[in-house]
Amino acid sequence: MAEGVPFILDFLPQEGEDQTRIHRFYENLREGRLTTTRCNACGEVLWQPRVLCPHCNSEDMAWTDLPGEGTVYAHTAMMLGAPLGFEGDVPFVIAIVRLDLGGDREMHLFTRVDDTTYEDLSIGDTVWFKLVDCGDGRVFFRFTARAPE
């Protein structure tokens, strides 16, 4: 986060067990895994990770891995007006990425896509999960248009 930015305006969440009930999401990211929660009561796979199912109100949740690749469903470019601390990154691509969960189930994530430009990315392109080290002990995720080697 940019030096001097007040904690309340910090774009990236606090990740510790004493700060969030979804701390396991960040622990899994540190292991290189993109995960979310699945409700054990009704079977819904939820994004973003939750501690309570919005479909059946159950608190019986389990962690489940998400696919490491997805398909661009829609995209745009952030040209200006980026969140505090990210002003120097513009322009960058943001997209809705469709993840195939198997069968007829899918999930859509809103995410940043690295290693491409708006003009070079197209609907239907494959993108891959990318772990991002925030540089202050925290991690987050993005997707990348560059295939893993």
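A. Local environment of the packing of aromatic side chains. The tally for this structure, following the rule as stated, stands at six aromatic pairs. Ring geometry for Phe-141 versus Phe-143: centroids 6.4 Å apart, planes at 85°, classification edge-to-face. Judged by its relative accessible area of 0%, Phe-143 falls in the buried class. Aromatic rings pair up to connect Phe-25, Tyr-26, Trp-47, Phe-140, Phe-141 and Phe-143 into one cluster. Lying over the aromatic face of Phe-92, Arg-112 brings its terminal NZ or CZ to 4.0 Å of the ring centre.

B. Quick look at the pattern of salt bridges. Taken as a whole and judged by the stated rule, the model has nine salt bridges. For Asp-89, the salt bridge identified is with Arg-112, shortest N-O distance 3.1 Å. Remark: Arg-112 occurs in strand S6 (residues 105–114) and Asp-89 occurs in the loop between strand S4 (69–78) and strand S5 (92–102); sequence separation between them is 23 residues. When the shortest N-O distance is used, the salt bridge between Asp-114 and Arg-142 registers 3.1 Å. Of this pair, Asp-114 sits in strand S6 while Arg-142 sits in strand S8 (residues 139–144); the two residues are 28 residues apart in sequence, bridging distant segments of the chain. Ionic contacts of the salt-bridge type, sharing partners, join the residues Asp-89, Arg-112, Asp-114, Lys-130 and Arg-142 into one network.

C. Spotlight on the sheet that holds strand S2 (residues 45–46). Spatially, S2-S1-S3 is the arrangement adopted by the three strands of the open sheet, whose pairing is antiparallel. Edge positions in the open sheet fall to S2 and strand S3 (61–65), since each of these has one partner strand only. Pairing of strand S1 (residues 35–39) with S2 involves two bridges; the strand directions are antiparallel. When the bridges of S2 are listed, Arg-38 appears paired with Val-45.

D. Summary view of unusual backbone geometry. The peptide bond linking Trp-47 to Gln-48 adopts the cis configuration, its omega dihedral lying at 5°. Inspection of the secondary structure puts Gln-48 in the loop between S2 and S3. In the Ramachandran plot, Asn-57 falls in the positive-phi region, its phi being about 70° despite a non-glycine side chain. Locating Asn-57 in the fold gives a position in the loop between S2 and S3. Phi at Asp-115 is positive, roughly 65°, even though this residue is not glycine.

E. Representation of the nonpolar core within the structure. Judged by nonpolar contacts, the single largest core of 21 residues is most densely connected at Leu-29, Leu-34, Leu-109, Val-113, Val-127, Phe-141 and Phe-143. When contributions to this core are tallied by element, the ones reaching two or more residues are helix H1 (23–30), S5, S6, strand S7 (126–133) and S8. The greatest single-element share of this core, amounting to four residues, is contributed by S5. Residues within four places of Phe-141 in sequence aside, it is in contact with Phe-25, Leu-29, Leu-34, Trp-47, Leu-109, Thr-111, Phe-129, Lys-130 and Val-132.

F. Structural context of the sheet that holds S7. Spatial strand order, S4-S5-S6-S8-S7: five strands in a closed barrel with mixed pairing. Shown here is a sheet whose adjacent strand axes are inclined to one another by a mean of 45°, direction ignored. As paired strands, S7 and S8 are joined by six bridges and run antiparallel to one another. Along S8, the bridge assignment pairs Asp-133 with Val-139. Relative to S8, H1 is tilted by about 60°, and along the sheet it contacts S7 and S8.

Cut-off values and rules
Residues numbered from 1 in each chain as written. Predicted model: local features only at pLDDT ≥ 70, side-chain atom pairs only at ≥ 80, totals over all residues. Heavy atoms only, no water. Phe/Tyr/Trp six-rings, centres within 6.5 Å; stacked < 30°, edge-to-face > 60°. Buried < 20%, exposed > 50% of the residue type's maximum accessible area, 1.4 Å probe, protein only. Lys NZ or Arg CZ within 6 Å of the ring centre and 35° of its normal. Salt bridge = Lys/Arg side-chain N within 4 Å of Asp/Glu carboxyl O. Helix = DSSP H or I, 4+ residues; strand = E, 2+ residues; numbered from the N terminus. Pairing = 2+ DSSP bridges. Core = buried A, V, L, I, M, F, W, Y, C linked by side-chain atoms within 4.5 Å. Contact = heavy atoms within 4.5 Å. Axes fitted to C-alpha atoms, helices over the stretch in contact; angles between N-to-C directions.

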